[in-house]
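# Descriptive analysis of the structure
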Amino acid sequence: MSQSLQPKSLQLKQIILNLRLQHHPEGGFFRETYRSTGVINPESLNSQYNGFRNYSTCIYFLLTSDVFSAFHRIHQDEIWHFYIGSPIYLHIITEDGEYSKTAIGCDIAQGQIPQFVVPGESWFAATVINSDDYSLLGCTVSPGFDFSDFELPSRNVLIERFPQHKEIITKLTRD
């Protein structure tokens, strides 16, 4: 049976198994696929970074319609690449409190885009658009990702900071 004729749950299990994906703290599944061998010295980075960073890192990232990527942020810009499955909404709240939602997918005629850059220090979350579906994406970060750059705040912290976005923050945080 071709992958397109298999039930979505079987396709999902095969993707997780074949790509060796693991649970991600923000929700969904991931696996790092690239980490540059070159590094950036701490004195070449701004003060928000502690220690060396690789030039760049990449991951596979998989979400399902019943699991969202919770609001979080990193210091770096993060480039999202769409691969297969349902398009996603990427929800962003800037440091200035501006909210936006971007559809990432392959239906360009419907306003989706296959690649999008989340500016560093922005709070962002992701949701699968189609019900009973999944989305396989890639994320590229430069300077390279390090979990010390990752911040996953509580619902109350974000609501206190951005009360005007209480509804979307409540929907896309875990506590």
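The paragraphs below set out a description of the structure included in this document. These figures come from a predicted structure and were not determined experimentally. (Residues numbered from 1 in each chain as written. Predicted model: local features only at pLDDT ≥ 70, side-chain atom pairs only at ≥ 80, totals over all residues. Heavy atoms only, no water.)

Moving on: the pattern of salt bridges. Under the counting rule described, the total for this entry stands at six salt bridges. Here Glu32 and Arg35 are joined by a salt bridge, their closest N and O atoms 2.7 Å apart. The exposure class of Glu32 is partly exposed, given its relative accessible area of 33%. When its relative accessible area of 34% is taken as the criterion, Arg35 is described as partly exposed. One salt bridge connects Asp149 with Arg53, and the closest N-O pair in it is separated by 2.8 Å. With Asp149 in the loop between strand S12 (134-142) and helix H2 (155-161) and Arg53 in strand S4 (residues 53-54), this residue pair connects regions lying 96 residues apart in the sequence. In terms of burial, Asp149 and Arg53 fall into one category: buried. Counted as one network, the salt bridges with shared partners bring together Arg73, Glu95, Glu121, Glu151 and Arg161. (Salt bridge = Lys/Arg side-chain N within 4 Å of Asp/Glu carboxyl O. Buried < 20%, exposed > 50% of the residue type's maximum accessible area, 1.4 Å probe, protein only. Helix = DSSP H or I, 4+ residues; strand = E, 2+ residues; numbered from the N terminus.)

With that settled, consider the packing of aromatic side chains. Applying the stated criterion across every chain yields a total of six aromatic pairs. Look at Tyr60 and Tyr83: their rings are 6.3 Å apart centre to centre, the planes differ by 75°, and that puts the pair in the edge-to-face class. On the criterion of sequence distance, the pair formed by Tyr60 in strand S5 (residues 57-64) and Tyr83 in strand S7 (residues 77-85) is long-range, its members being 23 residues apart. Plain terms: the ring middles of Phe147 and Phe150 are 5.6 Å apart, the flat faces sit at 75° to each other, and that makes the pair edge-to-face. When its relative accessible area of 43% is taken as the criterion, Phe147 is described as partly exposed. Following the ring pairs from residue to residue traces out a cluster consisting of Phe61, Trp80 and Phe124. Of note, Lys101 hangs over the ring of Tyr89, and the distance from its end group to the ring centre comes to 4.2 Å. A cation over an aromatic ring shows up here: Arg174 above the ring of Phe68, its NZ or CZ 4.2 Å from the ring centre. (Phe/Tyr/Trp six-rings, centres within 6.5 Å; stacked < 30°, edge-to-face > 60°. Lys NZ or Arg CZ within 6 Å of the ring centre and 35° of its normal.)

Pairing in this open sheet of six strands is antiparallel, and the strands run S1-S2-S5-S12-S7-S10 from one edge to the other. Since the sheet does not close on itself, it has two edges, and those belong to strand S1 (22-23) and strand S10 (115-118), each with one partner. Where S1 and strand S2 (residues 29-35) come together, two bridges link them in antiparallel fashion. Pairing of His23 across the sheet is with Phe29, part of S2. (Pairing = 2+ DSSP bridges.)

What follows concerns the side chain of Thr127. The residue Thr127 is located in strand S11 (residues 123-128) in this model. On the basis of relative accessibility, which here comes to 13%, the residue Thr127 falls in the buried class. Looking at Thr127, its side chain comes within polar contact range of the side chain of His91, at 3.1 Å. The contacts of Thr127, once residues within four sequence positions are left out, are Leu63, Phe68, Pro87, Ile88, Tyr89, His91 and Leu172. (Polar contact = N/O pair within 3.5 Å; in protein donor to acceptor, adjacent residues only side chain to side chain. Contact = heavy atoms within 4.5 Å.)

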